[in-house]
Amino acid sequence: MSSENTAPDASVQAKVQAFQKDAGRIREEVGKMIVGQRDIINGVIQVMLAGGNVLLEGVPGLGKTMLVRTLSEALGLNFSRIQFTPDLMPTDIVGATIIVEGEDRQKHFKFERGPIFSNIVLADEVNRATPKTQSAMLEAMQERSVTVGKETYKLDDPFFVLATQNPLEMEGTYPLPEAQLDRFLFKLVVKFPDLDELHSIMERTTQVSQPEVNPVIDKARLLEMKRFAREVPVARHVQDYALRILQGTHPEHPGAPEITRKYVRFGSSPRGAQAIMTTARVRALTEGRFNVSSEDVRRSAQNALRHRVILNFEGEAEGVSTDTIVQKIIEATPEST
Amino acid sequence: MAPTLSPDPNLAPALLKLLDRLERRVRSQRAVASAAAGACLALMLSAVGVAALRTQWIDPTLWWTVPLAAGLLIVAAALWGWRRAVDRIAIAQHIDRHYDLHDRISTALSLAMSPPQDAAGQAFARAQAADALTYLDRIDLREATPWQRPADTTLLAACALVTIGVGIVPLPDHRGTLPPPFEVRYEAFVDDATLALERDRIAALREALGDDPDPQAEAMLDAMEELLDRAEARTISQREFLEEIEKIETQLDAADEVIAQELETLSRTLADAAQELASENAEALAEEPALKEAIDALANNDLATASEALETLAESIQEEGISPERAERLAELLETFSDKLNAEDERLQDLVEKHRDALEKLAEQFGDEGNLTEEQQALLDEAEEMLSNAENAREEFDTSEAKNQLERLSRDLDEVVNEYLAEAKGSEDGDEGIAGQAEENRGDRPDYRNEVSRKMEDASEQLSEAGEQQSSQQQREEIRRQMQEMRESMSRGTGEASEEEQRRGDQVEDFMERARGESEARDDAQLDQERAQQQGEPGEAGQDGEQKPGAEAEQAQGEEGEAQNPGQPGGGEPPPGGEGGQANSEGETNDGEYRPGESDAPGGDGPDEQAQGSGETELDGERVQEQAQGQENSSGKSRAEIIRGASEEGFASAEYQEVYADYESVAEEVMERENVPDGYRFFIKRYFQLIRPQQP
Ligand SMILES: Nc1ncnc2c1ncn2[C@@H]1O[C@H](COP(=O)(O)OP(=O)(O)O)[C@@H](O)[C@H]1O
Ligand SMILES: [Mg+2]
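Rules behind the numbers
Residues numbered from 1 in each chain as written. Chains lettered and ligands numbered in written order. Predicted model: local features only at pLDDT ≥ 70, side-chain atom pairs only at ≥ 80, totals over all residues. Heavy atoms only, no water. Patch = residues over 30% accessible without salt bridge, like charges linked within 9 Å, V, L, I, M, F, W, Y side chains within 5 Å. Areas by Shrake-Rupley, 256 points an atom, 1.4 Å probe, with all protein chains shown as cover. Salt bridge = Lys/Arg side-chain N within 4 Å of Asp/Glu carboxyl O. Lys, Arg positive; Asp, Glu negative; His and termini not counted. Charge placed at Lys NZ, Arg CZ, Asp CG, Glu CD. Helix = DSSP H or I, 4+ residues; strand = E, 2+ residues; numbered from the N terminus. Buried < 20%, exposed > 50% of the residue type's maximum accessible area, 1.4 Å probe, protein only. Axes fitted to C-alpha atoms, helices over the stretch in contact; angles between N-to-C directions. Parallel < 35°, antiparallel > 145°, perpendicular 65-115°, else oblique. Contact = heavy atoms within 4.5 Å. Nonpolar A, V, L, I, M, F, W, Y, C, P; charged D, E, K, R; others polar. UniProt positions renumbered as here; feature names shortened; annotations may be inferred.

An unreviewed UniProt entry annotates chain A as MoxR family ATPase originating from Lujinxingia vulgaris.

**Student:** Can you break down a positive patch on the surface residue by residue, with the values?
**Tutor:** Residue and element names in this part refer to chain B. Taken together, the side chains of Lys17, Arg21, Arg24 and Arg142 present a region of like positive charge at the surface. With respect to the helices and strands, lysine 17 occurs in helix H1 (residues 13-54). Residue classification places lysine 17 among the exposed positions, given a relative accessible area of 59%.

**Student:** Explain the environment of leucine 72 of chain B to me, and be specific about the residues and the numbers.
**Tutor:** Residue and element names in this part refer to chain B. As for its placement among the helices and strands, leucine 72 is situated in helix H2 (residues 65-83). For leucine 72, a relative accessible area of 54% corresponds to the exposed category. A sequence separation of 33 residues divides leucine 72 from alanine 39, and the C-alpha atoms of the two residues are 9.9 Å apart.

**Student:** Outline the packing of helix H26 (residues 654-673) of chain B against helix H27 (residues 678-690) of chain B, supporting the account with residue identities and numerical values.
**Tutor:** Two quantities define a packed helix pair, namely the angle between the helix axes and the distance between the axes. Residue and element names in this part refer to chain B. Look at H26 against H27: their axes get within 11 Å of each other, and the N-to-C directions meet at 170°. By the angle between their directions, the pair H26 and H27 is classed as roughly antiparallel. Where H26 abuts H27, its residues Tyr660, Tyr663, Glu664, Ala667, Met671 and Glu672 lie against Arg681, Ile684, Lys685, Phe688 and Gln689. Considered class by class, the residues forming the contact of H26 with H27 number six nonpolar, one polar and four charged.

**Student:** A description of the pattern of salt bridges should follow, citing residues and the corresponding values.
**Tutor:** All names here are of chain B. Under the counting rule described, the total for this entry stands at 32 salt bridges over all chains. Across the salt bridge formed by arginine 27 and glutamate 23, the nearest N and O atoms sit 3.2 Å from each other. Taken as a pair, arginine 27 and glutamate 23 lie in helix H1 at a separation of four residues, close to a single helical turn. The two residues arginine 27 and glutamate 23 agree in class, both being buried. In this structure, the salt-bridge partner of arginine 88 is glutamate 23, at a minimum N-O distance of 2.6 Å. Of the two residues, arginine 88 sits in helix H3 (residues 88-99) while glutamate 23 sits in helix H1, which places them 65 residues apart along the sequence. On the basis of relative accessible area, arginine 88 is assigned to the buried category, the value being 8%.

**Student:** Give a detailed account of helix H12 (residues 289-299) of chain B, specifying residues and quantitative values.
**Tutor:** Turning to H12 of chain B, its buried residues number three or more, namely Leu291, Ala294, Ile295, Ala297, Leu298 and Ala299 of chain B. Where H12 of chain B terminates, the next one or two residues include asparagine 301 of chain B, which has phi positive at roughly 65°.

**Student:** Quick rundown of the UniProt feature "transmembrane region" (unreviewed entry) in chain B? Include the residues and the values.
**Tutor:** All names here are of chain B. Mapped onto this numbering, the UniProt entry gives "transmembrane region" (unreviewed entry) at residues 31-55, 61-82 and 153-171. The distance separating the terminal C-alpha atoms of residues 31-55 is 35 Å; by composition the span is 96% helix and 0% strand. The straight-line gap between the two end C-alpha atoms of residues 153-171 is 28 Å; of that span, 84% is helix and 0% is strand.

Here you go:
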């Protein structure tokens, strides 16, 4: 390396190292409370640093609410939780304009902000609310602003939504339409903990001394990290790899693997590739790397594509999991052409 | 993938060097791989080349082309492998994967080739490159890209084995001897008996030709014999056989026509000249009876007699000498004759002139040709045709052998005349000094006579030569007839060589052999006499059969054919109808009408041919005689012997009457039963009439 290039390189190197360190601290802090679920924690952090939203799928009681709360504590951000129920109204989410009596005893309208005006929002069991309520929440999530009457209220930055949904087909649930699912960067599937983890959970939650979660980074640092993550350069051939995986989800594409053509009705939109690339960048940085690797792409692709692949009738009938399909597509796509 | 650009100069030289080395390594690896593939191809081609060399398709001195071509092919394949574009990114990715470098090297290369646009990105890219460099020391190219055995070494080995195998395995030489060509064997269309008979007859004809045969006749016989050989070897089909015979006949006809024309011209010219001479010089000729005889014979187209008469004249002059007056007279006559012969050419010339004049006059008379009436045109055409005929005749005469002969004859005559004139003069002059002269010339005189007679003889020879032509034509006529018969017997043949037929063929052959072996025992003059007696005509002792008048020959030959039958060993009972037909037909052939081969009479073939062939020569008569004798020795009096006896003792014995009755009834039966053509019925009936027993 030539000497004049040393200085900027040093700063980049320092930033990368700082990023890796901070991300690691967040993870560690969250890990104080949450037993196991490393992939979920990593995924959530990646999506958060990538500036997206995440959908967690899992049965109740697996610590999803706990994860979100812990995260908000670790980041020193405010947090709100919306429990979605069939009778939940959009105003319950975004807020409502109410008449209030002021100091001067004059009555005037005032917009009472809903729970969505928060840095981290937990939309718990989002599929239990009516579509109307769901779309209100998802619209706010997408627009990062709320419009009530003539007033538009910008949401906080950072703004991060974690929606959870119950995979069980229960009465009175309203599954999220595909168009809505596309708005989540990742869909993470929370798995049931194994025996060791269960022991640990028992130890941590049923004893007197509860672990204490402290904020490890502030809001400003979080925003800086988000920005820095976007600077990571991606080599053309790596991006190419991601795009070829995306193409593999399209049954009409000539290079698509057999399983795609057999079970997939629609492949992922380019949003899927966007999700892969943004989260892969974060992943590279969290590992202290200066470049996005094919491995980053592969890892992100699994989480970014599983809810973007829509099965055809045959796929539904045979109960093929989209996870399997995405896995096969990744396996079928060579790193280099 | 991004196009391969020149690497960023900022990229660490170490990385660049590494990539260069890596590229060389990949290239050489590829070169080896494609060289191996090329070697497979080269070996396969070599196998072909070796096979071609060993089978002489390629000149063995060009052996070096095979290894050269193989070598060139391998080098070309290696070069192609080396020259193929190398994707540096792809090989960098390979290193990344191998060392688990998370695309550090490949990204560094990629970013160096297409650096980010913004400053932050560029800084990041530099940091990335620096990061990548820190991993260089752990990269060992030999380990990352181990030397790979070319994938198709097994194939290579197989190809090598094939090539070696082709070199070892015995291969046929394409220039080696070819298998013998397929021999066409036609169906036999003629049985052995017929063949043997035909052969025998040809042999007899050959003998009849004598020591100095007509070359054309001999050639014909050769051709016929060859055809028979081919028929026996079955290398010729029946159709071809018949076509060949026809071809020979056609050739012969053409030749005959020419000869006949020559002869005609010659004898006509001679006859004209002789007639003129006879009428103009009747008085002078009356005093020269020998010459008159010659001239008369010439006038009658009898060249042989004329020749004889001239010879007699020459002899008499030589013996008796000649008076001056006679010499002068003879000279005058001969000169006149010679002039007349020479005038022939002029006469033809005049004829042409005359025709031409007539034609011109005619044309003048008619005036413009455009105004001719149809009649006039026809007249003109006729005249023109006459003219061209006359011209042709003259031309033919000019180029003909006849003219040559005439010229020679005329020259000889002139020389004789000159000698005579000299003699006559000498005698007149020598009145006073006759003694002295006589004495002086005593020794010369016989010489002079010899000279004159020699010239005379020359002239006579010219004439007899022409006469000979006539006789050779007759010979050919015989052969032609034989050929026709052969053709007919061949076209009739079934070719089914049944056991019966084979046996018969053997018998006939056996018979022929014996007949030839004993041929001297027969006196033909005796036979001729017998014939003459039966016919009530004077026999011509020693004469050739051909020279006999037709009627006599007919009878004689008919007899011969009949007499032969007893000689048939074992097969002595061919139905008489067949025999009779043949024997009779034999006689008729001289008239040129009858084709004995066409006879449908059963069992007629073998004996028919035999009778035919033998009838022309004395040889056969002898043969028959001997055969008949052989029979006599072995057993009692057979029917054949009776018939033979009848031919010698006359058709009057009681036994002969019986045999005759038998045979005739069989013949009649056959004629009723079989479809015998009417023409043949006549001959068969006539034959039986001729051999009808006579009242003792
Ligand atoms: N992985 C875990 N680590 C620690 N505690 C856990 C874990 N999973 C479940 N728990 C315990 O289960 C309780 C229920 O968790 P919660 O977050 O309410 O579940 P959910 O929101 O998914 O329904 C938590 O209060 C926590 O004590
Ligand atoms: Mg919960």
